[in-house]
Amino acid sequence: MWPTCVGWDNLDTDMLFASLSFLLFFPIVTLGYFLLPQAFRWVWLLGASCLFYMAFIPKYILILFVTILIDYIAAILIEKSEGRQKKVYVIVSVISTCMVLFAFKYVHFFNSNAAELARFFHLNYPIGIIQMILPIGLSFHTFQSLSYVIEVYRGKQKAERHFGIYALYVMFYPQLVAGPIERPQNLLHQFREKHRVDYQRVTDGLKLMAWGFFKKLVIADRVAVLVNHVYNAPQGFGGLALILATVFFAVQIYCDFSGYSDIAIGAAQVMGFKLMLNFKSPYASKSIAEFWKRWHISLSTWFRDYVYLPLGGNRVSKWRWPLNVMVVFVISGFWHGANWTYVTWGALNGGYLIFSLWTKPIRDKVVAFTKIGRLPTLHTSIQVSTTFALICFAWIFFRAKTIGDACYIVTHLGTNLFTPSTYGPQIRALLEIPHFLKSGLIISIVGIVCMESVQWFQRQQPIRNSVAKYPFLFRWFLYSVLVWSILCFGSFGGKSDFIYFQF
């Protein structure tokens, strides 16, 4: 058994969005922001962001400060330099920032694999277990810092001379630990703008936050009971349970992460800041390519702009293009975690994309031959269902603890699936999961139906805009029902970490 690194799951998380601490922190910070003169607002937000970050591991604020200082100085030097010297500064900055990420997130992975390889060849490997607690959100604020330095190097962003403003750009608390990963062109200038209290903007932000809490607490944290139980010991379950747990994990990770994004974007909106959209109903996608335009948009566009396009994008030979795609997706998988499961997940998604584009002419001919295009609803349903099934299959590798567990699940998805006589015992095994039947199953299903209904209604515009047209009493009745649902049916009893906080 390979040694494991101490991860974020081992930590006490007192400032989670879904915590009492945050419910006190948010209104105090927001009220203070509006009461202070414009000249002091950045100081207030920076102090609040430092406090938010230090609620996890206080001393790690020093690591974040070092990376901020390096990139702040590097950007100014890059802007003042020309030619080779300019390239040297950007390379030093990028390497320095990435080395911090590598040291905390990947050293253990490479050390463990080297030790395993040495053991396989019966060689002596002198380096022991290296354990370090991963700073929360390290991958996110590292990428945000890198985007700033690269944009300055490209001449698309002026180097920020105000150290406090730049530090706030990296540390802005709503999106500090799990994004959205902002670009300097969108966010930096907003810290100098004067934001006044605007009723419509404030209430829209609060509505978005409430919707995020609903997705997180009422759906994600409840379906997690089944997902965790099955994936922690998949060998004890048949195909029906493995399929259900995998589909539920697809729901969990979407509601968990998009719920976080909604809370982050809404909290920023209340104060007048506009963060980029991070999700756009990804499971309604009709293809793998479309899915990656709708899922974790801030990360997908980051890899597109800073990895895929510099590699040549699709402006290369037909044999080089698949390599570019695989490089991007494998790096993306590795970004998510130092584990072969994430690398496999990334490679699998890259393979999906390559295969789908290579086979598009064939699929177009099949559509023309079968004339299924004349039935657009059926055609769309087949496309969406196929895409969702492929994405769910890939999620197996993302969620499984080890490659061995993932392979077991993949090879046992069909176990007893076509033997109706086994359905009873399989269903009873699921219903016997502690707390799931009594408080989880029905609430989870009703919550998912409500979420999908809302997403269907807001295909053209945010449902907030539609609801705003209703009479006052009916609007507030709907808001009250949403808040009541969160308080009554939200999962507050156990640990409610956001999945992406560990990245």
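Because the structure is a prediction, the values reported are computed rather than measured. (Residues numbered from 1 in each chain as written. Predicted model: local features only at pLDDT ≥ 70, side-chain atom pairs only at ≥ 80, totals over all residues. Heavy atoms only, no water.)

### Digging into the overall build of the protein
Phase 1: For the protein, the helix and strand inventory stands at 21 helices and 0 strands.
Phase 2: Taking 2.2 N^0.38 as the reference for a compact globule, 503 residues should give roughly 23 Å; the C-alpha atoms of the protein span a radius of gyration of 24 Å, in line with that estimate.
Phase 3: Taken over the C-alpha atoms alone, the protein extends approximately 70 × 70 × 50 Å along its principal axes.
Phase 4: Put simply, the protein has 503 residues, and 51% of those count as buried.
Phase 5: In the protein, the proportion of contacts linking residues at least 24 apart, taken out of those at least 6 apart, comes to 75%.
Phase 6: Working note: accessible area of the protein is about 24,400 Å², and carbon and sulfur atoms make up 69% of it.
Phase 7: Positive and negative charge centroids in the protein, built from 44 and 23 side chains respectively, lie 8 Å apart. (Helix = DSSP H or I, 4+ residues; strand = E, 2+ residues; numbered from the N terminus. Rg over C-alpha atoms; globule rule 2.2 N^0.38 Å. Buried < 20%, exposed > 50% of the residue type's maximum accessible area, 1.4 Å probe, protein only. Contact = heavy atoms within 4.5 Å. Areas by Shrake-Rupley, 256 points an atom, 1.4 Å probe, with all protein chains shown as cover. Lys, Arg positive; Asp, Glu negative; His and termini not counted. Charge placed at Lys NZ, Arg CZ, Asp CG, Glu CD.)

### What to know about the packing of aromatic side chains
Phase 1: In total, this model carries 62 aromatic pairs according to the counting rule given.
Phase 2: Summarising the aromatic geometry, the rings of Phe65 and Phe163 are spaced 5.9 Å apart at their centres and angled 75° between planes, so their arrangement reads as edge-to-face. In this pair, Phe65 is assigned in helix H3 (residues 61-80) and Phe163 in helix H7 (residues 163-171), connecting sequence segments 98 residues apart.
Phase 3: The class for Phe65 is partly exposed, based on a relative accessible area of 43%. (Phe/Tyr/Trp six-rings, centres within 6.5 Å; stacked < 30°, edge-to-face > 60°.)

### Overview of unusual backbone geometry
Phase 1: You will see that Ser281, though not glycine, has its phi angle at about 45°, which is positive.
Phase 2: The residue Lys371 is not glycine, and still its phi comes out positive at about 60°.
Phase 3: Counting through the fold element by element, Lys371 comes out in the loop between helix H15 (360-370) and helix H16 (376-399).

### Focus: helix H12 (residues 297-308)
Phase 1: Counting buried positions over the 12 residues of H12 gives 11, a clear majority of the element.
Phase 2: Taken as a whole, H12 has its buried residues at Ile297, Ser298, Leu299, Ser300, Thr301, Trp302, Phe303, Asp305, Tyr306, Val307 and Tyr308.
Phase 3: Where H12 is buried, its residues contact helix H6 (138-153), helix H11 (288-294) and helix H13 (320-336).

### Some remarks on the nonpolar core
Phase 1: Of all hydrophobic cores here, the largest spans 142 residues; its most connected members are Trp295, Trp395 and Tyr500.
Phase 2: Those residues in contact with Trp295, other than ones at most four positions away along the chain, are Ile253, Tyr254, Asn278, Phe279, Pro282, Tyr283, Ser300, Trp395 and Tyr500. (Core = buried A, V, L, I, M, F, W, Y, C linked by side-chain atoms within 4.5 Å.)

### Looking at the pattern of salt bridges
Two side chains that carry opposite charge are able to pair once their charged atoms sit near each other.
Phase 1: As enumerated under the stated definition, the model contains 12 salt bridges in all.
Phase 2: With its nearest N and O atoms 3.8 Å apart, the salt bridge here joins Glu151 to Arg154.
Phase 3: Under the relative-accessibility criterion, Glu151 is labelled buried at 5%.
Phase 4: What makes Arg154 partly exposed here is its relative accessible area of 35%.
Phase 5: A salt bridge links Lys215 to Asp262, with the nearest nitrogen and oxygen atoms 2.8 Å apart. Note that Lys215 is positioned in helix H9 (residues 199-232) and Asp262 in helix H10 (residues 239-271), a separation of 47 residues in sequence.
Phase 6: For Lys215, a relative accessible area of 3% puts it in the buried group.
Phase 7: Connected via shared salt-bridge partners are Arg183, Arg304 and Asp305. (Salt bridge = Lys/Arg side-chain N within 4 Å of Asp/Glu carboxyl O.)

### Points about the packing of H9 against H10
Phase 1: At a minimum axis distance of 6 Å, the contact between H9 and H10 shows a crossing angle of 155°. Considering their axes alone, H9 and H10 lie roughly antiparallel with respect to each other. Seen along the crossing, H9 lies across H10 with a hand that is left-handed.
Phase 2: Among the residues making up the contact of H9 with H10, the classes are represented as 28 nonpolar, 8 polar and 7 charged. (Axes fitted to C-alpha atoms, helices over the stretch in contact; angles between N-to-C directions. Parallel < 35°, antiparallel > 145°, perpendicular 65-115°, else oblique. Left-handed = near helix turned anticlockwise from the far one by under 90°. Nonpolar A, V, L, I, M, F, W, Y, C, P; charged D, E, K, R; others polar.)

### Examining helix H17 (residues 403-411)
Residues separated by three or four positions in an α-helix point in the same direction, a consequence of the helix having 3.6 residues per turn.
Phase 1: The complete set of buried residues in H17 reads Asp405, Ala406, Tyr408 and Ile409. On an axial view of H17, the arc spanned by its buried residues comes to 160°, and they lie on one face.
Phase 2: Contact partners of the buried residues in H17: H9, H10 and H16. (Arc of directions from axis to C-beta.)

### Brief notes about the environment of Val454
Phase 1: Looking at where Val454 falls in the secondary structure, it is placed in helix H19 (residues 436-457).
Phase 2: Measuring from C-alpha to C-alpha, the distance between Val454 and Val327 comes to 36 Å, with 127 residues separating the pair along the chain.
Phase 3: Look past the residues within four positions of Val454 in its chain and what remains in contact with it is Trp211 and Ile463.

### Regarding a nonpolar patch on the surface
Phase 1: Where nonpolar side chains cluster on the molecular surface, the patch consists of Tyr470, Phe474, Phe477, Leu478, Val481, Trp484 and Phe489 and spans about 640 Å² of accessible area.
Phase 2: Its relative accessible area of 47% is what places Trp484 among the partly exposed residues. (Patch = residues over 30% accessible without salt bridge, like charges linked within 9 Å, V, L, I, M, F, W, Y side chains within 5 Å.)

### Digging into the confidence of the model for the protein
Phase 1: In the predicted model, the protein carries a mean pLDDT of 86, and the fraction of residues at 70 or more is 94%.
Phase 2: Overall, residues 1-13 carries pLDDT values under 50, and its contacts beyond four positions in sequence, including any with other chains, amount to 34 contacts. (pLDDT = per-residue confidence, 0-100.)

### Digging into the packing of helix H2 (residues 38-54) against H7
Phase 1: Relative to each other, H2 and H7 sit at 40°, their axes nearing to 10 Å. When the interaxial angle is binned, H2 and H7 end up oblique. Handedness of the crossing formed by H2 with H7: left-handed. Residues Trp42, Leu45, Leu46, Ser49, Cys50 and Tyr53 of H2 pack against Gly164, Ile165, Ala167, Leu168 and Met171 of H7.

### Considerations on the side chain of Lys207
Phase 1: Here Lys207 is to be found in helix H9.
Phase 2: When near neighbours in sequence (up to four residues on either side) are disregarded, Lys207 contacts Gln200, Arg464 and Tyr479.

### What about the environment of Pro310?
Phase 1: With respect to the secondary-structure elements, Pro310 resides in the loop between H12 and H13.
Phase 2: In this structure the C-alpha to C-alpha distance between Pro310 and Ile331, which are 21 residues apart in sequence, comes to 14 Å.
Phase 3: When neighbours within four sequence positions are excluded, Pro310 is seen to be in contact with Arg154, Arg304 and Asp305.

### Focus on the side chain of Ser261
Phase 1: With respect to the helices, strands and loops of the structure, Ser261 is situated in helix H10.
Phase 2: Those residues in contact with Ser261, other than ones at most four positions away along the chain, are Asn278 and Phe279.

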